[in-house]
Amino acid sequence: MLKIENLTKMFNVGETTEKIALNNVCLNLEEGDFLTIIGGNGAGKSTLLNCISGVLSVDEGKILLDGQDITNLAEYKRASYVSRVFQNPLDGTAGGMNIEENLALAHRRGKKRGLGWGITKQERQLFHKLLSETGLGLENLMAQKVSTLSGGQRQSLALVMAVLVQPKILLLDEHTAALDPKTAKTVLELTEKFTKNSKFITIMVTHNMNDAIKFGNKLLMMNQGYVVFQASGEEKANLKVADLISKFSQAGAVLNDRILLNN
Ligand SMILES: Nc1ncnc2c1ncn2[C@@H]1O[C@H](COP(=O)(O)OP(=O)(O)OP(=O)(O)O)[C@@H](O)[C@H]1O
Ligand SMILES: [Mg+2]
C-alpha cells in the first residue's frame, strides 16, 4: 500500500521565483491499483512522481510504502522496487547495448551481480517470452542495438524492462506522449496487458483525458500543485471527458491545447 500524507514540495524557496509545486497532496493506493493522473502544464504531476521515486526530496509530509516510511530514503535504495518509464524513448534504455543486454541489466537491478556476466539460458527464455508479448517481433531482435529501434519498439522494451522484476510501484510519466497515435495505442495496450492482475501499483500521468478515463481504476486531477478531483471504481468508470473539463473549470484551471486537442 502506498500512502502519501500532506506532501508539499517547493522550488526556489525564498526567491522571487518560489514555487509550490505540490501543496498538501494526499493519496492512498492499494496493491494492484492503477491510478491515472491528469493536469495541465506545471500542475505538479512529474514532481509527484519524482518525490515517490526519490529523485526529489520533499519539504513536508510523508510517503509510506507497505507501512514503511520511505520519505527520506535515497533514490538508489528505492530503485529495486520503483520502476519508471519516461516520456522520451531515449531515457530508460541504453541505446549502445542490444536488447538482451538491456534486459539483463534490468533483470539484475538491485542485485550485486553487474556486467561481468553471461546471459543464462533461463534468462534468454524469459526475455523471449516477455518480448513476444509485445506483439512487435522484438523477440527476434535480441541481438539488435537498441538505438536502431523505433520509438514505439523502444518504449515497449522500456515497459518490459520495468516489469521484468516485478516492482512495487510502476511510474509512467506520459510514456506515450512522444509517439504517433497508432504507436501510442499499441504501447498503452501493452501497458494494460502487463499491469492487468498485477500486484504492483501503477501510476500513469497522461494529458489525454480519454486515456485517463479508459485506463486504471482510480483517477487524480491536479492543478497548480493541488489535487482538485479524485475518482475511483464505478464513479471513475462512468466519467466522460465533459465531466473532466467541468472539473477543470471548477478548479479554475486553464486547459492548454495539448490537453484539449488530444481528446
Ligand atoms: N527542478 C525544478 N526547479 C524549479 N522549478 C521546478 C522544478 N521542477 C518543476 N518545477 C516547477 O514546479 C511546477 C510543477 O512542475 P511539474 O514538472 O511537476 O509539472 P507537470 O504537471 O509535470 O507539467 P507538464 O505537464 O508540463 O509535464 C512547475 O511550475 C515547474 O516549473
Ligand atoms: Mg510533467
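Rules used throughout
Residues numbered from 1 in each chain as written. Chains lettered and ligands numbered in written order. Predicted model: local features only at pLDDT ≥ 70, side-chain atom pairs only at ≥ 80, totals over all residues. Heavy atoms only, no water. Domains from an automatic or database assignment. Contact = heavy atoms within 4.5 Å. Buried area = accessible area lost by both parts, 1.4 Å probe. Salt bridge = Lys/Arg side-chain N within 4 Å of Asp/Glu carboxyl O. Polar contact = N/O pair within 3.5 Å; in protein donor to acceptor, adjacent residues only side chain to side chain. Phe/Tyr/Trp six-rings, centres within 6.5 Å; stacked < 30°, edge-to-face > 60°. Lys NZ or Arg CZ within 6 Å of the ring centre and 35° of its normal. Near = heavy atom within 4 Å. Areas by Shrake-Rupley, 256 points an atom, 1.4 Å probe, with all protein chains shown as cover. Helix = DSSP H or I, 4+ residues; strand = E, 2+ residues; numbered from the N terminus. Nonpolar A, V, L, I, M, F, W, Y, C, P; charged D, E, K, R; others polar. Pairing = 2+ DSSP bridges. Axes fitted to C-alpha atoms, helices over the stretch in contact; angles between N-to-C directions.

Student: An account of the domain arrangement of the protein is requested, with residue identities and associated values reported.
Tutor: Once the domains are mapped, the protein shows domain 1 (2-81 + 167-260) and domain 2 (94-165). Computed over C-alpha atoms, the centres of domain 1 and domain 2 are 27 Å apart. Tallying the contact residues gives 15 residues for domain 1 and 15 residues for domain 2. Carbon and sulfur atoms make up 74% of the area that domain 1 and domain 2 hide from each other, which totals about 1,200 Å². Interface area lost by domain 1 to domain 2 is led by P167, L190 and F194, which between them contribute 40%. For the pair domain 1 and domain 2, the number of links is 0 salt bridges. In this assembly, domain 1 and domain 2 are joined by 2 residue pairs in polar contact (both at pLDDT 80 or more).

Student: With reference to specific residues and values, describe the packing of aromatic side chains.
Tutor: Following the criterion strictly, the structure yields 0 aromatic pairs and no others. One Lys or Arg, K168, reaches over the ring of Y81 and ends 5.7 Å from the middle of that ring.

Student: Tell me about the site of ligand 1, and name the residues and values.
Tutor: Taken together, 13 residues lie around ligand 1, and N41, G42, K45, S46 and T47 are the ones closest in. A43 is positioned such that a nitrogen or oxygen atom in its backbone is 3.1 Å from an oxygen atom of ligand 1. A distance of 2.5 Å is found between an oxygen atom of ligand 1 and a side-chain nitrogen or oxygen belonging to T47. When ligand 1 sits alone it has 640 Å² of accessible area, and the protein chains cover 63% of it. Within the residue set of the shell around ligand 1, elements represented by two or more residues are β2 (19-29) and α1 (45-53). Its residues assigned to classes, the shell around ligand 1 comprises 3 nonpolar, 6 polar and 4 charged.

Student: How would you sum up the sheet that holds strand β4 (residues 60-65)? Please name residues and give values.
Tutor: Strand order in the open sheet formed by 4 strands is β2-β1-β4-β5, with antiparallel pairing between adjacent strands. Of all the strands in the sheet, the pair left with one neighbour each is β2 and β5 (68-69). Looking at chain direction, strand β1 (residues 2-11) and β2 are connected through 7 bridges and run antiparallel. By the bridge assignment for β2, L7 is matched with V25. Its contacts with the sheet put α1 on β1, β2 and β4, and the angle it makes with β1 is roughly 115°.

Student: With reference to specific residues and values, describe the pairing of β1.
Tutor: In the case of a regular strand, side chains alternate between the two sheet surfaces. In this sheet, β4 lies alongside β1 in antiparallel orientation, the contact comprising 5 bridges. Across the sheet, residue E5 finds its bridge partner in β4, namely K62.

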